[in-house]
Amino acid sequence: MADVFRGLNLLETLKESIESNKLADVKDAVEDLLISRINLAVVGDRGDEKAFFMNSLRGLGPGDEGAAPSPSPAAPEEVAGYPNPKHPDFRLWDLPPVPTTSPFEPEGYMDRVKFLRYNAVFMTFTETPQPNSVEVFLEARSLQRQTVYFILLASVKDTEKSLEERRKASLDVLTSQGVAQPKVYLVTPLTLEKFDFPGLLEDMGKDLPEIRANALLLALPTLTSTLVTQKKDAFKALVWAAASLSGGMSAIPVPLVASMVDSSIAVRILTKAQLSLCLDDESVERLARQRGIEPARLKGLRTCALSAEVTKGEVKNRLIAAEKDLATVSSKLLEMAMPRHARSASRSFAAMLQALNGAIDEMAADAEKVVSAALEERK
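Counting starts from 1 at the beginning of each chain's written sequence and moves along it residue by residue. Note on the predicted model: pLDDT of at least 70 is required for a residue's local features to be given, and 80 or more for side-chain atom pairs to be given and counted; whole-chain, interface and lining totals, by contrast, use all residues. Think of the side-chain values as coming from all heavy atoms in the structure, minus any hydrogens and water.

Enquirer: Quick question: what am I supposed to make of the overall build of the chain here?
Expert: Note on conventions: DSSP H or I runs of at least 4 residues are helices, E runs of at least 2 residues are strands, and numbering of each starts at the N terminus. If you tally the helices and strands in the chain, you get 16 helices and six strands. Within the chain, buried positions represent 52% of all 379 residues. Residues are treated as being in contact if the distance between any of their heavy atoms lies within 4.5 Å. The contacts in the chain between residues at least 6 apart in sequence include a share of 72% that link residues at least 24 apart. As presented, the chain carries roughly 17,100 Å² of accessible surface, and 52% of it is formed by carbon and sulfur atoms. In this scheme, a residue with accessible area under 20% of its type's maximum is buried, one over 50% is exposed, and one in between is partly exposed, where area comes from a 1.4 Å probe on protein chains only. Computed with a 1.4 Å probe, the accessible areas rest on the Shrake-Rupley method; for each residue, only the protein chains presented here act as cover.

Enquirer: It is not clear to me how the pattern of salt bridges should be interpreted in this structure. Could you clarify?
Expert: Pairing is possible between side chains that carry opposite charge, provided their charged atoms lie close to one another. A carboxyl oxygen of Asp or Glu within 4 Å of a side-chain nitrogen of Lys or Arg is what we treat as a salt bridge. All told, the structure shown has 21 salt bridges when counted by the stated rule. Of the charged contacts in the structure, one is a salt bridge between Asp 64 and Arg 286, with a shortest N-O distance of 3.6 Å. Placement of the pair is Asp 64 in the loop between helix H3 (48-56) and strand S2 (80-83) and Arg 286 in helix H11 (residues 281-291), with a sequence separation of 222 residues. Like Arg 286, Asp 64 is buried. Residue Lys 236 pairs with Asp 361 through a salt bridge whose shortest N-O separation is 2.7 Å. On the criterion of sequence distance, the pair formed by Lys 236 in helix H9 (residues 225-248) and Asp 361 in helix H16 (residues 347-378) is long-range, its members being 125 residues apart.

Enquirer: I keep staring at the sheet that holds strand S6 (residues 184-187) and nothing clicks. Help me out?
Expert: Working definition: the strands of a sheet are paired by backbone hydrogen bonds and lie parallel or antiparallel to each other. What the six strands build is an open sheet, ordered S2-S3-S1-S4-S5-S6; its pairing is mixed. Here the strands that pair on one side only, and so sit at the sheet edges, are S2 and S6. Pairwise comparison of adjacent strand axes, ignoring direction, gives a mean angle of 30 degrees for this sheet. Bridging between strand S1 (residues 38-43) and strand S4 (residues 120-125) involves four bridges; their strand directions are parallel. Note that in S4 the partner of Val 42 across the bridge is Phe 122. Docked against the sheet, helix H5 (residues 131-142) engages S4 and strand S5 (148-153), running at close to 155 degrees with respect to S5. Note: two strands are recorded as paired if DSSP finds a minimum of 2 bridges between them. With axes taken as lines fitted to C-alpha atoms, and helix axes fitted only over the stretch in contact, angles between N-to-C directions fall between 0 and 180 degrees.

Enquirer: What is the right way to look at the environment of Ala 242 in this model?
Expert: If you trace the backbone, Ala 242 turns up in helix H9. Distance in space between the C-alpha atoms of Ala 242 and Ala 266 is 8.8 Å, their sequence separation being 24 residues.

Enquirer: Please explain the packing of aromatic side chains as it appears in this structure.
Expert: Each pair of aromatic rings is reported with the distance of its centres and the angle of its planes. Only centres within 6.5 Å qualify two rings of Phe, Tyr or Trp (six-membered ring in Trp) as a pair; their planes then separate them into stacked at under 30 degrees, edge-to-face at over 60, and tilted for everything else. In total, this model carries six aromatic pairs according to the counting rule given. Relative to Phe 197, the ring of Phe 53 has its centre 6.5 Å away and its plane inclined at 85 degrees; by these criteria the two rings are edge-to-face. In this pair, Phe 53 sits in helix H3 while Phe 197 sits in helix H7 (residues 197-207), placing the two residues 144 residues apart along the sequence. Like Phe 53, the residue Phe 197 is buried in the burial classification. The interplanar angle of 40 degrees and the centroid separation of 4.7 Å between the aromatic rings of Phe 137 and Phe 150 together place this pair among those described as tilted. In this pair, Phe 137 is assigned in helix H5 and Phe 150 in strand S5, connecting sequence segments 13 residues apart. Of the two residues, Phe 137 and Phe 150, both sit in the buried class. Here the aromatic cluster, defined as three or more aromatic residues joined through ring pairs, consists of Phe 53, Phe 122, Tyr 149, Tyr 185 and Phe 197. Here, a charge over a ring means that NZ of Lys or CZ of Arg falls within 6 Å of the ring centre while also lying within 35 degrees of the ring normal. We note Arg 117 situated over the ring of Trp 93; from NZ or CZ to the ring centre the distance is 4.8 Å.

Enquirer: Help me understand the nonpolar core in this model?
Expert: By size, the foremost hydrophobic cluster in this structure holds 84 residues, and its most contacted members are Phe 53, Phe 122 and Met 204. Broken down by element, the residue count for this core peaks at 16 residues, all from H16. Those domain boundaries reflect an automatic or database domain assignment. Three or more residues apiece are contributed to this core by two domains, here domain 1 (10-34 + 213-377) and domain 2 (37-190). Setting aside anything within four residues of it in sequence, one finds Phe 122 in contact with Leu 40, Ala 41, Val 42, Val 43, Phe 53, Leu 57, Tyr 149, Ile 151, Leu 200 and Met 204. Grouped together as the second largest cluster of nonpolar side chains are 27 residues, Trp 93, Tyr 109, Phe 125 and Val 136 included. To define a nonpolar core, start from buried Ala, Val, Leu, Ile, Met, Phe, Trp, Tyr and Cys residues and group those joined through side-chain atoms within 4.5 Å.

Enquirer: Hey, could you run me through unusual backbone geometry in this one?
Expert: Leave glycine aside and you will find that most residues have negative phi; peptide bonds, for their part, are mostly trans. For the bond from Ser 70 to Pro 71, the omega torsion is 5 degrees, close enough to zero to count as cis. Locating Pro 71 in the fold gives a position in the loop between H3 and S2. Along the chain, Ser 102 connects to Pro 103 via a cis peptide bond; the corresponding omega equals 0 degrees. Its location among the elements puts Pro 103 in the loop between strand S3 (90-95) and helix H4 (106-112). Unusually for a residue other than glycine, Gln 144 sits at a positive phi of about 65 degrees. Position of Gln 144 among the secondary structure elements: in the loop between H5 and S5. Gln 144 gets classed as exposed once you look at its relative accessible area, which sits at 62%. With phi around 60 degrees, Cys 278 is a residue other than glycine that occupies positive phi space.

Enquirer: Looking at this model, I keep getting lost on H11. Mind explaining?
Expert: Along an α-helix, residues three or four apart share an orientation, since each turn contains 3.6 residues. Taken as a whole, H11 has its buried residues at Ser 283, Val 284, Arg 286, Leu 287, Ala 288 and Arg 291. Just downstream of H11 lies Gly 292, where phi reads positive at about 70 degrees.

Enquirer: I tried to follow the pairing of S6 on my own but got confused; where do I start?
Expert: If a strand is regular, its side chains alternate between the two faces of the sheet. Burial along S6 is two-sided: the face carrying Val 184 and Leu 186 and the face carrying Tyr 185 and Val 187 are both buried. Bridge count for S5 against S6 is four bridges, and the pairing is parallel. Its bridge partner being in S6, Phe 150 is matched across the sheet by Val 184. Viewed along the sheet, the connection from S5 through helix H6 (residues 160-176) into S6 turns out right-handed. Orienting the strands away from the viewer, one traces the path from the first strand over the helix to the second; a clockwise path indicates a right-handed crossover.

Below, the structure written as structure tokens:
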């Protein structure tokens, strides 16, 4: 993806790309966000904690279909892939542990597991990082790969005191081997909302190219209220970009994407939003099972029709209603939404923006209620 997407607010970046007529970049961004194409690798011993971690990243419990089993059936040197059932292009890769043998060549291990093909790599451990793992980390850094992270996985038997002691010991190991400004993230595999995982996501958002960071954001389960808000903002940027590419901006020639944004693309966006916000029946039932809640209780919190089911009929009705309601959209709002040289927004652009943003707001409000109920039950 072009550097235009790196390090900037997604919506502002997309607007700048439209301003510069970099429409191919915007079209690629829309497709990437809809697909959530990202590959994450998890290095470490193949025990329960690693399996739980990989499953939680996909919103799965140990007994769910597609969950990573423990012990792993993969051969000791084999790389095992685990797709996300809701987002097929978000893939987790279970990498074998770094060998403890000496002498050790990090380049050989990295070549064997295709280390550099992944967007980010988690170096997991349950005690302290072993020296050869640190060598792999340092080699990755020498190749300008910044998205490699040390993660201390907690077990259900661990206490907060013992974990902090292990974190300190791990930092000492990293420092002794020459890691500058070492960082160890403490993660509880079955409850990612606790400890350092939210901070890890924040750091990944800074380190990854922005389009990849947003793809990861949309593919992750809704672990916290903060994630719900971030997903909502990302979808609103996606709505703006998709409407812009529709040909709704008459002041910009769009030879390759001349078709209007219609109900089909709107259904696609809102279906992605429903899955990303974990509002579909299967996701809600799975969350209820994991948290020991009656599924009907969580389902009853969904008040937006699109949260329960995205249908073309409902989407069309919202688009028609928005079209009729365009008179209430102030010219100032449209002016703020459009690039400076395309102030004459078409009715289709404005209707799409109003209808889909309204739907995203309602669905995010439902997701917020579901997450709050689940977290409250966990306390």
